[in-house]
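Residue-level listing of the chains:
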Amino acid sequence: MNLRAIPISAWIGIAGIALAIVCALFAPLLAPFGETDVVGEIWMPAGGEFLLGTDNLGRDLLSRLIYGARTTIFVALAATLISFALGMILSFTAAVTGGFVDQLFSRFNDLMMAVPTLIFALVVLAVLPQHLWILILVMAVLDSTRVFRIGRAVALDVAVMEFVEAARLRGEGSMWIIFREILPNTLSPLLAEFGLRFAFSILFLSTLSFLGLGIQPPAADWGGMVKDNKDGIIFGISAALVPGAAIATLAICVNLVVDWLMKRTSSLKGGRGDA
Amino acid sequence: MPDLLSVKNLKIEATSYPPGEPPKVVTLVEGVSFNVEKGKVLGLIGESGAGKSTIGLSALAYGRGGVRITGGEVLLNGRDILKLDRSGINSVRGCHVCYVAQSAAAAFNPAHKLGDQVIEASLRHGIMSKEDAKKRALYLFRVLGLPNPESFGERYPHQVSGGQLQRAMTAMALCPNPELIVFDEPTTALDVTTQIDVLAAIKHAIEETHTAALYITHDLAVVAQISDDIMVLRQGKTVEYGTTKQVIEAPKEDYTRALVSVRQAKRDEAPDQSGTLLKIERVHAGYSNGFKVLHDVSMHLPKGQTLAIVGESGSGKSTLARVITGLLPPSEGRIVFDGKELPKALKGRSNEELRRIQMIYQMADTAMNPRQTVRDIVGRPLSFYFGMHGAKKTERVGELLDQIEMGSRFLDRYPAELSGGQKQRVAIARALAARPELILCDEPTSALDPLVAEGILNLLMKLQEETAVSYVFITHDIAIVRAIADSVAVMHRGRLVRFGPKSKVLSPPFDDYTDLLLKSVPEMEIGWLERVLKTRRMESAGN
Amino acid sequence: MESGPITGPVLTDGVAGETHPRSADLSGIPAKPNPAATGENGGSFWRRFIFRRPLVALILQRFGLSVGLLFAVSLMIFGGIEALPGDFATTYLGQSATPQAVENIRKDLGLDKPWSERYLSWLGGAVTGDFGTSWASKNSVSEQIGNRLGNSLFLAFFAAIVSVPLAVGLGMLAVQFRNRLPDKIINVISLAAISLPEFFIGYLLILFFAVQLGVATFPATVYDSMSFTERLSAIALPVATLVLVVLAHMMRMTRAAILNVMSSAYVETAELKGLGTFRIIARHAAPNAVAPVINVIALNLAYLVVGVVVVEVVFVYPGMGQYMVDAVTVRDMPVVQACGLIFAAFYIFLNMAADILAILANPRLRHPR
């Protein structure tokens, strides 16, 4: 891959994601204060000792933002990884097996997708106990319906190609066909889809936390921080907008990279695209 | 008298945007000049990438996508249309010059009735009143032999067949009474028996209306029937330009000579056709939705010989190949291979049984995994069937590449880095790697340019001599049958029409369908169309 | 929020000249009936009906599918919840409740009956518009929803009538200047806008317009005695937020849909007939582009229904979304189930509308052979 061929927009995206990941990995080293330490007055303005000011309880906003990166990225990434694993396994099984299994999986997926994700999550989270792993699982399962849909479409596109038929005629097993013939040809669109799902997971998690159904206090996460500080808005205090901006920036960065990935996805016929 | 169309020193460029690279300017056509007199037909002929469609569209001052005409002149009645402004160009298009596209199915607007679309240009350019335009459309529908011409215009594009759409498109081009029509491969997408009807209809209509035409095609035999002059193009440059008679009967350039002689090859059939490697016994087959494709088909093939299965689209010839491979188990009948009945379904067959029958596809593009190198593609059957690996495998792959006349330097190339012909050769090497006794060839040459196709056919024949492999060769092209087959099976609508040694199948007395099929294949001979039309009833009610 | 504006249904690669109903989506209907297959068998009445009136048959099929889906969703919202761990009574009373108190409350709420019986009575009530009583407030759920549903629809309606013309206009602008500066600017801005969470946009607008400039009201409370203009000014900011949220996605999809039509072979044919730009667009592109664009709009309106949830919470607007979120935090199941079913019903209905419009716009189905 040619580094110079990567457009500036994608570089900005990569830089933003890298920064967020560094914050997440080294949060205790980078943050000037502890995650839950009350260090000052409530809603102190930005500047001085507290670079971004303090929050509704007098905790340092910058420190919470850095720790929040850790929670937000970890949960979103975990949910995306699980949803991908689940969606890919089920969709490839459906596409390769076909027949009844395919029908069963697909119809059930249609049913899951007939309810908007947020509404579904609200209904389910109203019943389930509040645990981090339950939150991750709910997000993953709901999101896997989208992965299933695209995974099945992509796999079917490839599975009807003659080189897959040729492998079947040779007598190859399902494993070889999935991993050696189909998967390498679906990587590009699936990588882009992974980015898209990750961006969605960040937004979805933030929305749930904002509604008070995601990550529970006192742990810092960006959506929850918006919720904590939202009452300051009417007094003209912008503390709620800082974590909001962080969510938006990270999501934009991911989308910039995805946009570039989608554009460079070469066609299956060998990338001789007719411009 | 000045020429109707005079193109001088045409240069056409395009900007391409390869993913991840800076844009590139490519020259598509350079230094092309020609003239078309009033009422005459010029054939533009060449392989894919020769720039013939691009040149054709330049007569309408049009460039598709990022294509630009960057040099030369296009004089229509002495006036350079490249210098016209937008409204000037619009007054030429659809009025003086009209266009017939290869795929009429895509070129007609699905939302409007055929009749309205046919007369639209005439009305918008104020050439005639709506009454007159309708009358002319009706006249043209009749001339072109469309069924129920009175009500034909009331139908929507998806309600009529491909052959009828192509004729309707010709009517649309002829309706405003233009001086010139550009035909862009108008019969290429059609079946042979339909192609000849459409070809005859077009020829009749342009003679009747005294319209000049640019006729673009890759098939020299087709253009020989319809044009007065021929220009042979290759990679955007003129190879040869002369009268049809001169180009067909006394070509000057080697390339043209090769094009003229490409369909002339003939092979004598094997004298002894008694043995049996493959036997298809009373096979019936259909799809799970109940649609039956094959009805009671039986044929057989001796060892080391070639059986050609001929038919048009929908004849069931490809389905038969799927039945032989086990992809589509037959509902009745059996397949006997080397004296033993093969399990009906693919799953029931052993690897050894699978190894002995290999397959070559029409589209080499999709038949090879684009993420695997030639080494992997050809090497896989070696490791899968014979457990070869390492240096031994590489050595054998190299041998196979030599056998297909490509050589070891292609070992680490990806399919995208190969030309169409090279891809098909690699596909052949992959089939050979399994040391099969039978290779099923499903139209392996029909997507290739004629000269490349001939190379592939010669290679297949050479390999048969070297390895005594048998072929089942599926094709729609009688010329190929003549060139390679020992025995021939003619199929029509899922039934076997005729089967036997080539000499018997291809000589009279014929049944109706074989007669129609044989007479539909254009021959490299001026006046063939007229001759054949006299003996063959034009099937106006058909497609 | 829902995945709509981020991934969205892909409209870009429809085959030129053929508008597919989105059969890959939740519809599951065949893109078009196969006359060859159905015609030969002929058999049943339904088969003949499909053959003769494919349009009506397809729409009926699609409608039936939606009803079936809604039924299945009701089962999932009710029955699925039963299957999940966690006991309502314990939740209701808190962990420290005595077993006796739990037993009493179970009886009180009717949790001691088998779930199939409760489901049937719930469904029967839901069909007639009775969703039972709230556990938290002991009020009738239907009454509460009656007020709030109107408010939510009021909000969504105004968001729709602002965003739809704006999105279509911008989409057409982007097509007109395809690959030139205006198109690129629109592309970059819309890519960014897709990534903004609703609450961020909402608070940004509040801080700027309500707090700093003081030209808008916050919170966006509405009550019965308000005049129409007062209501309008109260919902100005929530509407603006919703518009910004759906606009970018609707515009990108509109652009893709129009571009797809404009690059088709029949538009080239029209160009080669020497027709003027206006005639090409009005007569040849528009009839084929209208369908996908309407489809895009319907899909995004479906998203709008969900988008109101977050926006209502941000603006403290008394609508369905806020009602549901409040109910979820106190685990007031009758309210959660009722709201969930109504949101799902709107979503399913709008998706169905999108599919049916696509079917209606397909000339192959309107004029069968």
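Residue numbers run consecutively from 1 along every chain, following the written order of its sequence. As they are written, the chains are lettered A onward and the ligands numbered 1 onward, keeping that order. In keeping with the predicted nature of the model, local features appear solely for residues at pLDDT of at least 70, side-chain atom pairs appear and are counted solely at 80 or more, and the whole-chain, interface and lining totals rest on all residues. Side-chain numbers come from the whole structure's heavy atoms, not from hydrogens or water.

(A) Up close: the overall build of chain A. Every helix listed is a DSSP run of H or I at least four residues long, and every strand listed is a run of E at least two residues long, numbered separately from the N terminus. What chain A contains, in helices and strands, is 10 helices and 0 strands. What you see in chain A, going N to C, is helices and strands ordered as α-α-α-α-α-α-α-α-α-α. Taken along its principal axes, the extent of the C-alpha atoms in chain A is 75 × 50 × 30 Å. Each residue is placed in one exposure class: buried if its accessible area under a 1.4 Å probe, protein chains only, is under 20% of its type's maximum, exposed if it is over 50%, and partly exposed if it falls in between. In chain A, buried positions account for 55% of the 275 residues. By definition in these notes, contact holds between two residues if any of their heavy atoms fall within 4.5 Å. For chain A, the share of sequence-separated contacts (at least 6 apart) that also reach a separation of at least 24 residues comes to 71%. In short, Shrake-Rupley with a 1.4 Å probe defines the accessible areas, and a residue's cover is counted only from the protein chains shown. When the accessible surface of chain A is split by element, carbon and sulfur atoms take 69% of a total near 11300 Å². Counted charges follow a simple rule, with Lys and Arg positive, Asp and Glu negative, and His plus the chain ends left uncounted. A charged residue contributes its charge at one atom only: NZ of Lys, CZ of Arg, CG of Asp or CD of Glu. If the 18 positive side-chain charges of chain A are averaged to one point and the 20 negative ones to another, these points end up 8 Å apart.

(B) Molecular detail of the side chain of Glu13 of chain B. Residues and elements named next belong to chain B. For Glu13, the location among the structural elements is in strand β1 (residues 5-16). Within the structure, the side chain of Glu13 is placed 3.4 Å from the side chain of Thr70, a separation counted as a polar contact. Apart from residues no more than four positions distant in its own chain, Glu13 is found in contact with Val25, Val26, Thr27, Leu28, Gly66, Val67, Arg68 and Thr70. Polar contact is defined as a pair of N or O atoms within 3.5 Å, subject to the rule that within protein one atom must be able to donate a hydrogen and the other to accept it, and that residues adjacent in sequence are counted only when both atoms are side-chain atoms.

(C) Broad picture of the packing of helix α15 (residues 374-386) of chain B against helix α17 (residues 420-433) of chain B. All names here are of chain B. The axes are straight lines fitted to the C-alpha atoms, using for helices just the contacting stretch, and the angles between their N-to-C directions are given from 0 to 180°. Interaxial distance between α15 and α17 falls to 8 Å at its minimum, and their mutual angle equals 10 degrees. What the angle tells us is that α15 and α17 run roughly parallel. From α15, Val374, Ile377, Val378, Pro381, Leu382 and Phe386 reach across to α17, where they touch Val426, Ala429, Arg430 and Ala433. Each residue receives one of three labels: charged for Asp, Glu, Lys and Arg, nonpolar for Ala, Val, Leu, Ile, Met, Phe, Trp, Tyr, Cys and Pro, and polar for the others, Gly being one of them. The residue inventory of the contact of α15 with α17, partitioned by class, reads 9 nonpolar, no polar and 1 charged. For classification purposes, an angle smaller than 35 degrees is called roughly parallel, one larger than 145 roughly antiparallel, one from 65 to 115 roughly perpendicular, and anything else oblique.

(D) The arrangement of a nonpolar patch on the surface in detail. All names here are of chain A. A contiguous nonpolar patch, built from Ile21, Val22, Leu25, Phe26, Leu29 and Leu30 and spanning about 580 Å² of accessible area, is present on the exposed surface. Those elements that provide at least two residues to the nonpolar patch are α1 (8-25) and α2 (27-30). Residue placement: Phe26 occurs in the loop between α1 and α2. The patches described consist of residues with a relative accessible area above 30% and no salt bridge, like charges being joined within 9 Å and nonpolar side chains (Val, Leu, Ile, Met, Phe, Trp, Tyr) within 5 Å. Counted as salt bridges are all cases of a side-chain nitrogen of Lys or Arg within 4 Å of a carboxyl oxygen of Asp or Glu.

(E) View of the layout of surface pockets. Reported here for the second largest pocket is a volume of approximately 840 Å³. Val96 and Arg168 of chain A together with Leu327, Leu346 and Lys347 of chain B are the residues nearest the centre of the second largest pocket, which is lined by 25 residues in total. Going through the elements one at a time, α3 (61-97), α6 (132-159), α7 (162-170) and α8 (174-210) of chain A are the ones with two or more residues in the lining of the second largest pocket. Tallying contributions element by element places α3 of chain A first for the lining of the second largest pocket, with 3 residues. Here a cavity denotes a set of grid points, spaced 1 Å apart and computed over the protein atoms alone, in which a 1.4 Å probe fits but from which it cannot get out, and a pocket denotes an open set meeting protein on both sides within 12 Å along at least five of seven lines; residues with an atom within 4 Å of a point are reported as lining. Grid points are joined across faces, edges and corners, and a volume is the space filled by probe spheres set on the points.

(F) Structural detail: the domain arrangement of chain C. Residue and element names in this part refer to chain C. Taken as a whole, chain C is organised into domain 1 (62-127) and domain 2 (141-366). All domain edges in this entry derive from an automatic or database-based domain assignment. Computed from C-alpha atoms alone, the centre-to-centre distance between domain 1 and domain 2 is 33 Å. Facing 14 residues of domain 1, the contacting portion of domain 2 comprises 12 residues. Two parts placed together each lose some accessible area; with a 1.4 Å probe, that loss summed over both constitutes the buried area. In this assembly, domain 1 packs against domain 2 so that about 1200 Å² is buried in total across both faces, 81% of it on carbon and sulfur atoms. Among the residues of domain 1 in contact with domain 2, Arg62, Leu70 and Ile77 are the three that bury the most area, contributing 39% of the side total. Connecting domain 1 to domain 2 are 1 salt bridge. For Asp355, the salt bridge identified is with Arg62, shortest N-O distance 2.7 Å. Going through the elements one at a time, α4 (54-83), α5 (88-93) and α7 (115-127) are the ones with two or more residues in the side of domain 1 that touches domain 2. If one sorts the elements of the side of domain 1 that touches domain 2 by residue count, α4 sits on top with 10 residues.

(G) How the structure looks around the sheet that holds strand β5 (residues 79-80) of chain B. Residues and elements named next belong to chain B. Here, any two strands with at least 2 DSSP bridges between them count as paired. In space, the 4 strands of this open sheet follow the order β2-β1-β4-β5, with antiparallel pairing throughout. Because the sheet does not close on itself, it has two edges, and the strands there are β2 (24-36) and β5. In this sheet, β5 lies alongside strand β4 (residues 67-76) in antiparallel orientation, the contact comprising 2 bridges. By the bridge assignment, Leu76 is partnered in β5 with Arg79.

(H) Representation of the interface of chain B and chain C in the model. With 31 residues of chain B at the interface, the matching set in chain C holds 24 residues. Where chain B abuts chain C, roughly 2600 Å² becomes buried across the two surfaces, and 51% of that area is made up of carbon and sulfur atoms. Three residues, Pro110, Glu120 and His158 of chain B, lead the burial of chain B against chain C; their summed loss comes to 23% of the area buried on that side. Between Arg64 of chain B and Glu268 of chain C there is a salt bridge whose closest N-O contact spans 2.8 Å. The interface formed by chain B and chain C includes 12 residue pairs in polar contact (both at pLDDT 80 or more).

(I) Region of the structure containing the interface of chain A and chain C. Taken together, the contact pairs 51 residues of chain A with 52 residues of chain C. Taken together, the two surfaces of chain A and chain C that pack against each other cover about 4600 Å², and 78% of this comes from carbon and sulfur. At the junction of chain A with chain C, the criterion picks out 1 residue pair in polar contact (both at pLDDT 80 or more). Counting only elements with at least two residues in the side of chain A that touches chain C, the list comes to α4 (99-113), α5 (117-127), α6, α8 and α10 (241-264) of chain A. Among the residues forming the side of chain A that touches chain C, the class breakdown is 35 nonpolar, 8 polar and 8 charged.

(J) Just the confidence of the model for chain A, in detail. Each residue gets a pLDDT score, which is the predictor's confidence in that residue and runs from 0 to 100. Here chain A averages 83 in pLDDT, and 94% of its residues register 70 or above. For residues 266-275 of chain A, every residue scores under 50 in pLDDT, and the model assigns this stretch 14 contacts once sequence neighbours within four places are set aside.

(K) Inspection of empty space enclosed by the protein at higher detail. For the structure shown, the criterion picks out 7 cavities of 30 Å³ or more. Quantified by volume, the largest cavity comes out at close to 180 Å³. Going through the elements one at a time, α7 of chain A together with α12 (317-325), α13 (351-356), β16 (357-360) and α17 of chain B are the ones with two or more residues in the lining of the largest cavity. For the lining of the largest cavity, the residue count by class is 9 nonpolar, 2 polar and 4 charged. Estimates place the volume of the second largest cavity at around 110 Å³. As for the second largest cavity, its lining consists of Gly94, Cys98, Tyr99, Ala121, Met169, Met172, Ala173 and Pro176 of chain B together with Thr269, Leu272 and Lys273 of chain C.

(L) Summary view of unusual backbone geometry. Residue and element names in this part refer to chain B. Put simply, Pro508 and Pro509 share a cis peptide bond, and its omega is 0 degrees. If you check the backbone angles, His210 has positive phi at about 55 degrees while not being a glycine. On the secondary structure map, His210 appears in the loop between α8 (192-209) and β8 (212-217). With a phi angle near 50 degrees, Asp296 is a residue other than glycine that sits in the positive phi range. Mapped onto the elements of the fold, Asp296 is located in strand β12 (residues 292-301).

(M) Looking closely at the environment of Thr72 of chain A. All names here are of chain A. If you trace the backbone, Thr72 turns up in helix α3. Exposure remark for Thr72: the relative accessible area of 0% places this residue in the buried category. C-alpha of Thr72 to C-alpha of Leu203: the two residues are 131 residues apart in sequence and 9.6 Å apart in space. Residue contacts for Thr72: discarding those within four places in its chain leaves Ile202, Leu205, Asp221 and Trp222.

(N) Local environment of the pairing of strand β14 (residues 332-337) of chain B. Residue and element names in this part refer to chain B. One ladder, built from 5 bridges, connects strand β11 (residues 278-286) with β14; its direction is antiparallel. Across the sheet, the residue bridging to Glu281 is Arg334, located in β14. Judged from the 2 bridges that link them, β14 and strand β15 (residues 340-341) form a sheet pairing that is antiparallel. Across the sheet, residue Phe337 finds its bridge partner in β15, namely Lys340.

(O) Region of the structure containing the packing of aromatic side chains. Note on aromatic contacts: the rings of Phe and Tyr and the six-membered ring of Trp form a pair at centre separations within 6.5 Å, being stacked when their planes are under 30 degrees apart, edge-to-face when over 60 apart, and tilted otherwise. The final tally for this structure, using the stated rule, is 14 aromatic pairs over all chains. Measuring from ring centre to ring centre gives 4.7 Å for Phe210 of chain A and Phe199 of chain C, while their planes differ by 15 degrees; the resulting arrangement is stacked. In this pair, Phe210 of chain A sits in helix α8 while Phe199 of chain C sits in helix α10 (residues 198-212), so the two residues belong to two different chains. The pair formed by Phe210 of chain A and Phe199 of chain C is uniform in burial state, with each residue classed as buried. Both rings, one in Tyr119 of chain C and one in Trp122 of chain C, keep their centres 6.3 Å apart while their planes meet at 40 degrees; by these two values the pair is tilted. With Tyr119 of chain C and Trp122 of chain C both in helix α7 and 3 residues apart, this pair spans about one turn of that helix. With a relative accessible area of 5%, Tyr119 of chain C lands in the buried category. Residue class for Trp122 of chain C comes out buried when judged on its relative accessible area of 10%.

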